[in-house]
Amino acid sequence: MAVDTVLWSKWLTGLTLAFHAIFATVGVGVPLMIAIAEFIGIRKKDPHYTLMAKRWTRGFIISVAVGVVTGTAIALQLSLVWPNFMQLAGNVIALPLFMEVFAFFFEAIFLGIYMYTWDRFRNPYIHWLLTIPIVAGASMSAFFITTVNGFMNQPEGFTFENGHFTAVNPLQAMFNAATASKVFHVLSSAYLTGAALLAGIAAFTMLRKGVSAYYTKALKLMMGVVLLFGLLNTLAGDVSAKFLAEHQPEKLAAAEWHFETESGADLIFLGWLNAEQQIVGAIHIPKALSFLAFGDFNAEVTGLEEFPLDERPPLLVHYLFDFMAGIGFAILGVALLYFLFLLWKKRNELNKWMLRAIALTAPLAFLGVEMGWLYAEIGRQPWIVRGYMRVEEAATSSPSVRTLFFVFLLLYVVLGMMCAIILRRLFRNKPADEELEKLMKEKQAQAIEVGESV
Amino acid sequence: MISYELIGISVLWLFLYGYLIVASIDFGAGFFAFYARLTKQDHLINRLISRYLSPVWEITNVFLVFFFVGIVGFFPDTAYYYGSALLVPGSIAIILLAIRGSFYAFENYGSKDNIVYLFLYGASGLLIPASLSVALTLSEGGFIIVNGESVFLDYMALFTSPLSWMIVILAIVSVLFISGTFLAFYASRAEDAPALRLMRKFALFWSTPTIIAALTAFIYLSQHNERHYQNMMDLWWLLALSVSFFMLAMWLLYKGRRYGLAFISVMLQFFCAFFAYGIGHYPYILDPYISIQSGATHESMGVALIAAFIGGLCLLIPSIILVFKLFLFNVDYVKGKK
């Protein structure tokens, strides 16, 4: 009975977070793309880019709405579903949670202003300046929340006495050992995903409606961002792996099915475990795990055997890790290929297969984010605060969570579907080129009006 | 030197008051928009309402999140007691907030004129205050069962208590009264005479139920929590001020002038009553399990939170002033010229 409640608590929180992660990633990633597009539009005096910023904002605001409400949901659920966790850890992690709300508040205010002031300033750069607090607010939100997750993995900044945290140092808890690598990875992957989403949409539209100037420009711009953050994200992944090897070796060992401590350890890709817990059908890359973990092909990597059975993460995380990393490299590969074709004049970078591959990177990027997040959470099991509190000690005792899981599932299905329908309706009958023509006409009419009044 | 936990609870209470006002305007506006559509008067006010709500809708929600993230931060024991007991009512509130927020965006940015969205938007606006008010009822004590390590909500006691129902009614009618007064003021700024007439009628209509519900809830409180009632009676002057502001607002609304002052009076009416209630509650956050002193977080965290709060306000207040200048108090925008 009690175990059942814990299980459903995990599922309910996992469900909310999995759904929220999609919109949170859009919320962190896309504002930067809007800012870039608007800036280039002003700089080059090219209305295509200005239109990009406008259209992206219009779609973005719908996803923000869902992001806000699911964010509210998870903030409340932290206390409702994990009351014991918040009672204990609230003493240490309240600061970043509190500041996250500020950061979001800041972003929301400027987003409201941004949306309703497109034509209110004489100098277009003033309107562009409004994107800075939006991008900063969104990224700071991600930063603060990620520090909380960092704390759950690397609790610091307190002393533990009689089951309570005392002598709390909130800043030390925020800037724990895990924070730097986690924030780097979260931000780089969010920007990567935001760009991949917009590049994917451009590619998808060109596949269906043929090549156009607007989408070609959008694709090229976003693929540039994908390439940049694809590289940075790979670096972030590497930094994260090295962090895990040093501070949380059981998490890396579980992800790599690395059971015995050894030097010159192989990196194992995919495969499965037979009844004797032996790895079958996997791709072994000799000594690569040692390199990933320590930057040295002969370094010693701690194996799972050194941890007590009831403190080992589930071995399932191997697949999560492999898919996450695989997707990261695949997207980077697509971006490299695109630019290779673009620079190598004989090839058409807008050929069908290239566009299909790019269109595919959009859902893949989100899948990668979900896998990475699941790996971060499941890889920490059985702990909710590593070394101090187990997940089963933290959950609510109310059996209603099971019913609530299905109620929330229904809610998210409805919200997700509505969001998709609304977004489709918003753009289906409004092709970019038509909108551009209308925009140009309005501008001309305005110019004539101004000319007459002078 | 005032203690950090007292600063904490005062600031949080101020935020809850802020939420009470901005959320009431928002919730009531949703209801009025739906009602106006049903009675075919929507051409009069819905444009006005959407001009006000469009730039501010996300901001409202944040006040609430602020309050509960803050209270869990300052007083982590609240997470344990309220969190355990409110799993179901809290989840209902989340679902309603989710429906409301997203459907507002869908209706506003996506498809215009969908009566179903508008219904969900309007109805959720009245149900959310009702479900949130359960937390206030709970704080009076007597609705929680503590069984060893587990905390449960006593639904039987809650649903059969006249106090809890009266608080629900008070929450709903207050929402409509506050919102009606604000929208009357907003219409008068926009110099929109038909909308003003309608909103003034709404405001006047909901004023009497508000004061009756408040007095009735107060009487039930005296039967449920004698200590709280006595503390509030000691603050009789705050309650008297509250009633005076109510009378002033009524008079102005009735005479049909100075709508801005009328709205400020309503804000002050609720401010006095809300703080009389809050100060009377002292020292308990949850009678008798959590008091301000017993439930407070460590001093270092309390101080850090206050510092973060001050820093945050330095960022937010100028931004909010900017919003007000650009939208709420920009006459051209209010009139729909921009």
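In what follows, the structure referred to is the one given above.
Note that the structure is predicted; figures quoted are calculated from it, not measured.

A. View of a negative patch on the surface. Residue and element names in this part refer to chain A. On the surface, a cluster of negative charge is contributed by Glu260, Glu262, Glu300, Glu305 and Glu306. Checked against the element boundaries, Glu260 lands in the loop between α9 (249-256) and β3 (262-263). For Glu260, a relative accessible area of 54% translates into the label exposed.

B. Structural context of helix α8 (residues 193-224) of chain B. With 32 residues, α8 of chain B extends 46 Å between its outermost C-alpha atoms, agreeing within 8% with the 46 Å of an ideal straight helix rising 1.5 Å per residue. Approximately 25 degrees is the largest bend angle found in α8 of chain B, and it occurs at Ser207 of chain B, with the proline Pro209 of chain B only one to four residues beyond.

C. The arrangement of the interface of chain B and chain A in detail. Taken together, the 64 residues of chain B in the interface contact 61 residues of chain A. The contact between chain B and chain A buries some 5,600 Å² in all, and 80% of this surface belongs to carbon and sulfur atoms. For the interface between chain B and chain A, the tally reads zero salt bridges. Our count for the contact surface shared by chain B and chain A stands at three residue pairs in polar contact (both at pLDDT 80 or more). Breaking the side of chain B that touches chain A down by element, the ones donating at least two residues are α2 (42-74), α3 (77-85), α4 (87-110) and α13 (299-328) of chain B. For the side of chain B that touches chain A, the leading source of residues is α4 of chain B, giving 17 residues. Here the residues of the side of chain B that touches chain A are counted per class, giving 41 nonpolar, 20 polar and three charged.

D. Representation of the nonpolar core in the model. Phe85, Leu219 and Met223 of chain A together with Phe32 of chain B are the most contacted members of the largest nonpolar core, which has 251 residues in total. When residues in this core are grouped by element, the largest group, 24 residues, is from helix α3 (residues 83-115) of chain A. Residues in contact with Phe85 of chain A, not counting those within four places in the same chain, are Leu78, Gly90, Ile93, Met152, Ile384, Val385, Met389 and Ala394 of chain A. Core analysis: the next-biggest nonpolar cluster, separate from the first, contains 23 residues, Ala253, Ala293, Val317 and Met324 of chain A among them.

E. The arrangement of the environment of Thr205 of chain A in detail. Residues and elements named next belong to chain A. Take Thr205: it is sitting in helix α7 (residues 179-209). The buried category is assigned to Thr205, whose relative accessible area is 15%. Along the primary structure Thr205 and Pro431 are separated by 226 residues, whereas in three dimensions their C-alpha atoms are 9.8 Å apart.

How each quantity is defined
- Residues numbered from 1 in each chain as written.
- Chains lettered and ligands numbered in written order.
- Predicted model: local features only at pLDDT ≥ 70, side-chain atom pairs only at ≥ 80, totals over all residues.
- Heavy atoms only, no water.
- Patch = residues over 30% accessible without salt bridge, like charges linked within 9 Å, V, L, I, M, F, W, Y side chains within 5 Å.
- Areas by Shrake-Rupley, 256 points an atom, 1.4 Å probe, with all protein chains shown as cover.
- Salt bridge = Lys/Arg side-chain N within 4 Å of Asp/Glu carboxyl O.
- Lys, Arg positive; Asp, Glu negative; His and termini not counted.
- Charge placed at Lys NZ, Arg CZ, Asp CG, Glu CD.
- Helix = DSSP H or I, 4+ residues; strand = E, 2+ residues; numbered from the N terminus.
- Buried < 20%, exposed > 50% of the residue type's maximum accessible area, 1.4 Å probe, protein only.
- Expected span 1.5 Å × (residues − 1).
- Bend = angle between axes of the 7 residues up to and from the residue.
- Contact = heavy atoms within 4.5 Å.
- Buried area = accessible area lost by both parts, 1.4 Å probe.
- Polar contact = N/O pair within 3.5 Å; in protein donor to acceptor, adjacent residues only side chain to side chain.
- Nonpolar A, V, L, I, M, F, W, Y, C, P; charged D, E, K, R; others polar.
- Core = buried A, V, L, I, M, F, W, Y, C linked by side-chain atoms within 4.5 Å.

This is a description of form; function is not addressed.
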